[in-house]
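Commentary on secondary and tertiary structure
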Amino acid sequence: MKNESPAFGCVALIGKYQSAEVAESLRALAHWLSESGREVLIEQASAEVLPDDRFEVADFDTLGRRAKLAVVVGGDGSLISAARKLAPHDVPLVGINQGRLGFLTDVARSNMLAAMESLMQGQFRPERRALMQASVLREETEVFSAFAFNDVVISKGDLGRMIEFEMRVNDEFVYSQRSDGLIVSTPTGSTAYSLSANGPILHPSLGGMLIVPLCPHALSSRPIVLGDSAVLKVRLFSRHDARAHFDGQEHCNLQGDDVLRIERSPYRVTLLHPPGYSYFSMLREKLRWSEAPKEV
């Protein structure tokens, strides 16, 4: 982290776009932080719902250079978007949940000011999480690159039929596969799309990547967990087109013989959790484990 002090003298506020509820929370946070003597930066697109000349508006590059903390108001998608853009700057993030499930945004909106008070007193616990970096190679030339905090998904293109590809790990051939696609997930993303495709849940303290086939033609195709240092290469066979999605926020159309290269990024994402946070407690709540049976 850039700043080990709990003071966080400059705080960036980032909100889900075009949301009146988020604007209300951003306004309350901005005024609270300003009154506590901290510099407040409002992310450029978020500022469109918060017309207040008291606070400086800044793009993500400026936020990365100046902010010591980023507070994201919205759902997990909003936090993932901010994490991908701020990871190279090592700005820690805390999420205020105004979405639905909220696996990553673990501060309730109703408790946000009390949580911010605890945070400023240094009572939040930092957690470092893995980030992937991916690139698309076409005739050995990089034509696209992106980070992924949750997952990279290769899916069938507009024709809607199965695609065929080969997979290599550290340049060693693993298999060829016909399927609807492939999910390459971080441990953080193991509770997202990967989970709905019957992938396992990986504790976020782990590194590496999780490989989950999407509706494979061969029933023997199963998820694989790769280590921290693994470099994955997926080559699309020449008679197929496909599409690669990065956290569901960016995409690139793939052509036959394109290679998608995925590895762990040298950057990591720092999340700040409130006092009492427990990963397993979060899973019980979000996935409704051990829920009492409903009366008929």
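If you're wondering where the values come from, they're calculated on a predicted model, not measured in any experiment.

A word on helix α1 (residues 20-35). Along its 16 residues, α1 runs 23 Å from first to last C-alpha, staying within 8% of the 22 Å computed at 1.5 Å per residue. Taken together, the buried positions of α1 are V22, A23, S25, L26, L29, A30, W32 and L33. Each element contacted by the buried residues of α1 is listed here: β1 (10-15), β2 (39-43), β4 (69-74), β5 (93-97) and α4 (112-120). Just past α1, the residue G37 takes up positive phi, approximately 90°.

So, on to unusual backbone geometry. Positive phi is not limited to glycine here, since N170 has a value of about 50°. Overall, N170 belongs to the partly exposed group, its relative accessible area being 45%. Unusually for a residue other than glycine, D247 sits at a positive phi of about 60°. The residue D247 is located in the loop between β16 (242-246) and β17 (250-254) in this model. On the basis of relative accessibility, which here comes to 10%, the residue D247 falls in the buried class.

In this section: the packing of aromatic side chains. All told, the structure shown has three aromatic pairs when counted by the stated rule. Judged by centre distance (5.8 Å) and plane angle (80°), the ring pair of F147 and Y267 falls under edge-to-face. Remark: Y267 occurs in strand β18 (residues 259-273) and F147 occurs in strand β8 (residues 141-148); sequence separation between them is 120 residues.

With that settled, the discussion passes to the pairing of β5. Across the five residues that make up β5, a large majority, five, are buried. The alternating pattern of β5 places L93, G95 and N97 and V94 and I96 on opposite faces, both of which are buried. Taken together, the five bridges between β4 and β5 define a ladder with parallel strand orientation. If you follow G74 over to β5, its bridge partner there is N97. In this fold, the crossover linking β4 to β5 by way of helix α3 (residues 76-86) has right-handed handedness. Judged from the two bridges that link them, β5 and strand β6 (residues 107-108) form a sheet pairing that is parallel. The residue of β6 that forms the bridge with N97 is A108.

The next thing to look at is the nonpolar core. The biggest cluster of nonpolar side chains holds 29 residues, and the ones touching the most others in it are V152, V184, L232, F246, L260 and I262. By residue number, the principal contributor to this core is strand β10 (residues 163-169), which donates four residues. Residue contacts for L260: discarding those within four places in its chain leaves A134, S135, V136, V152, I154, L232, K233, V234, A244 and F246. Residues V11, W32, L50 and V71 belong to the second largest nonpolar core, which totals 27 residues.

Turning our eyes to something else, we now look at α4. Of the residues making up α4, those classed as buried are M112, A115, M116, S118, L119 and M120. Packing partners of the buried residues in α4 comprise β1, α1, β4, β5, β6 and β18. Looking one or two residues beyond α4, the residue adopting positive phi is G122, at roughly 80°.

With that out of the way, let us pick up the pattern of salt bridges. Tallied over the full model, the rule gives 16 salt bridges. R109 is paired through a salt bridge with E24; the nearest N and O atoms lie 3.4 Å apart. Of this pair, R109 sits in the loop between β6 and α4 while E24 sits in helix α1, placing them 85 residues apart in sequence. Accessibility expressed as a relative area gives 30% for R109, which makes it partly exposed. Note on E24: relative accessible area 49%, which makes it partly exposed. A salt bridge links E127 to R129, with the shortest nitrogen-to-oxygen separation between them at 3.1 Å. Assigned by exposure class, E127 and R129 land together as buried. One salt-bridge network, in which partners are shared between bridges, spans E166, R168, R235 and D257.

On average, residues of the chain score 91 in pLDDT, and 94% of them reach the 70 mark or higher. For residues 1-6, every residue scores under 50 in pLDDT, and the model assigns this stretch 18 contacts once sequence neighbours within four places are set aside.

Conventions we followed
- Residues numbered from 1 in each chain as written.
- Predicted model: local features only at pLDDT ≥ 70, side-chain atom pairs only at ≥ 80, totals over all residues.
- Heavy atoms only, no water.
- Helix = DSSP H or I, 4+ residues; strand = E, 2+ residues; numbered from the N terminus.
- Expected span 1.5 Å × (residues − 1).
- Buried < 20%, exposed > 50% of the residue type's maximum accessible area, 1.4 Å probe, protein only.
- Contact = heavy atoms within 4.5 Å.
- Phe/Tyr/Trp six-rings, centres within 6.5 Å; stacked < 30°, edge-to-face > 60°.
- Pairing = 2+ DSSP bridges.
- Right-handed = clockwise from strand over helix to strand, strands pointing away.
- Core = buried A, V, L, I, M, F, W, Y, C linked by side-chain atoms within 4.5 Å.
- Salt bridge = Lys/Arg side-chain N within 4 Å of Asp/Glu carboxyl O.
- pLDDT = per-residue confidence, 0-100.

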